[in-house]
Amino acid sequence: AKQSGRNRFAMFTQEMQAHSTRVLLIENALHSALENNELSLHYQPQFSLSDKKLVASEALIRWNSHSLGRVSPGEFIPIAEDSGQIVAIGEWVITESIRQIREWIDLGYPPLKVAINLSYAQFQEPDLANFIAQTLEACRVPSSLLELELTERIAMDDPESAIEVINAFHDIGLETSIDDFGTGYSSLSYLQKLPVYKLKVDQSFVRNMINDENNLSIVSAIIALAKKLGMRTIAEGVETQEQLDKITSLGCDEVQGYLLGHPVPPDEFEQHHFSNESH
Ligand code: C2E
Ligand code: CA
Ligand code: CA
Ligand code: CA
């Protein structure tokens, strides 16, 4: 018994080592990701449910590493957050998404809002609102075309300072949504003080609501809460017609998900989602 216990321990430490080696490899490879142009943004459409129109797109980062191949943001973003590299990566995301908005305007497409994801460390940077304002100005892009997505955890970790930061965004005309809503621990009293534009119902509820009454109740409660607070709602991760019908009947405002469009590179986004007549 002792022997097998030791083996199990050896296996465990081996796994831990393999894990920390991968983390180190990613951290190292990230150092050159920006210089080597290995990062790009894909865009996923968001549609309004009332008139089925394209209303915005979410920018999602992609990394094709020279040494590691494709690494998903689900894997490298948390590592970049721990190492502090997320601040530089986040600035790149801001600059690149604003440049893309400008390019789409110059190509004659109807102005489309782009939502970007912010990490906790970025949100803590005192200069963030200024940096965004300056980048928008340099590209002559109106602030109404950029939206910021914060997770519920970011917004609620230190609600008092979150209110200040979100107000600063609001003052320069940026709309804010709360991502992954329902998975964190929102204080309802703070939620009503945040000038937040939209709640994104977390995918896990959308995925489970068809088979699970409790999940359905949560989705329906979030939509009702948002309405009372004057916020819009978007359901993310919608993959089936059944889910689409359900969120429509619950009065959700917008939808995002594989059913209506995957995240794709900008040229594919143009082909699929900008109609030819308007070009
Ligand atoms: P998120 O912000 O919650 O983004 C939604 C994720 O769900 C994306 O995964 C998207 O590709 C995926 N998704 C969209 N529709 C569906 C669907 O119908 N079904 C399923 N199963 N998935 C769907 P992705 O692109 O792998 O990104 C994962 C996470 O990485 C994001 O979750 C976000 O937290 C983070 N992330 C991505 N880009 C950035 C970025 O530029 N900055 C920061 N800080 N985080 C980012
Ligand atoms: Ca998001
Ligand atoms: Ca989300
Ligand atoms: Ca998420």
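The structure presented is a predicted model; accordingly, all values stated were derived computationally and were not measured. (Residues numbered from 1 in each chain as written. Chains lettered and ligands numbered in written order. Predicted model: local features only at pLDDT ≥ 70, side-chain atom pairs only at ≥ 80, totals over all residues. Heavy atoms only, no water.)

*Asks:* Sorry, what's going on with the pattern of salt bridges here?
*Replies:* Here the idea is simple: oppositely charged side chains can pair when their charged atoms come close. Inspection of the entire model under this criterion finds 12 salt bridges. Here R22 and E75 are joined by a salt bridge, their closest N and O atoms 2.8 Å apart. Linking R22 in helix 1 (residues 2-33) with E75 in helix 2 (residues 73-83), this pair joins segments that are 53 residues apart in sequence. The class of R22 is partly exposed, set by a relative accessible area of 29%. On the basis of relative accessible area, E75 is assigned to the partly exposed category, the value being 29%. (Salt bridge = Lys/Arg side-chain N within 4 Å of Asp/Glu carboxyl O. Helix = DSSP H or I, 4+ residues; strand = E, 2+ residues; numbered from the N terminus. Buried < 20%, exposed > 50% of the residue type's maximum accessible area, 1.4 Å probe, protein only.)

*Asks:* Please explain the site of ligand 1 as it appears in this structure.
*Replies:* R62, S119, Q203, E239 and Y258 are the nearest of the 20 residues found near ligand 1. Within the side chain of R62, a nitrogen or oxygen atom sits 2.9 Å from an oxygen atom of ligand 1. For ligand 1, whose unbound accessible area comes to 790 Å², protein coverage reaches 82%. Those elements that provide at least two residues to the shell around ligand 1 are strand 2 (54-65), helix 2 and strand 6 (175-181). With four residues, strand 2 is the largest single contributor of residues to the shell around ligand 1. Of the residues belonging to the shell around ligand 1, the class tally is eight nonpolar, six polar and six charged. (Near = heavy atom within 4 Å. Polar contact = N/O pair within 3.5 Å; in protein donor to acceptor, adjacent residues only side chain to side chain. Areas by Shrake-Rupley, 256 points an atom, 1.4 Å probe, with all protein chains shown as cover. Nonpolar A, V, L, I, M, F, W, Y, C, P; charged D, E, K, R; others polar.)

*Asks:* Before we go on, may I ask you to explain the coordination of the calcium ion (ligand 4) in this structure?
*Replies:* Around a metal, the ideal angle is 109.5 degrees if four donors adopt a tetrahedral arrangement and 90 or 180 degrees if six donors adopt an octahedral arrangement. Taken together, D180 (OD) and D180 (OD) make up the full set of protein donors to the calcium ion (ligand 4), lying 2.7 to 3.1 Å away. Separation of the calcium ion (ligand 4) from the calcium ion (ligand 3) amounts to 3.8 Å, with D180 serving as a shared donor to the pair. Summarising the element assignment, D180 is placed in strand 6. (Donors = N, O, S within 2.8 Å, 3.2 Å for Na, K, Ca; no water.)

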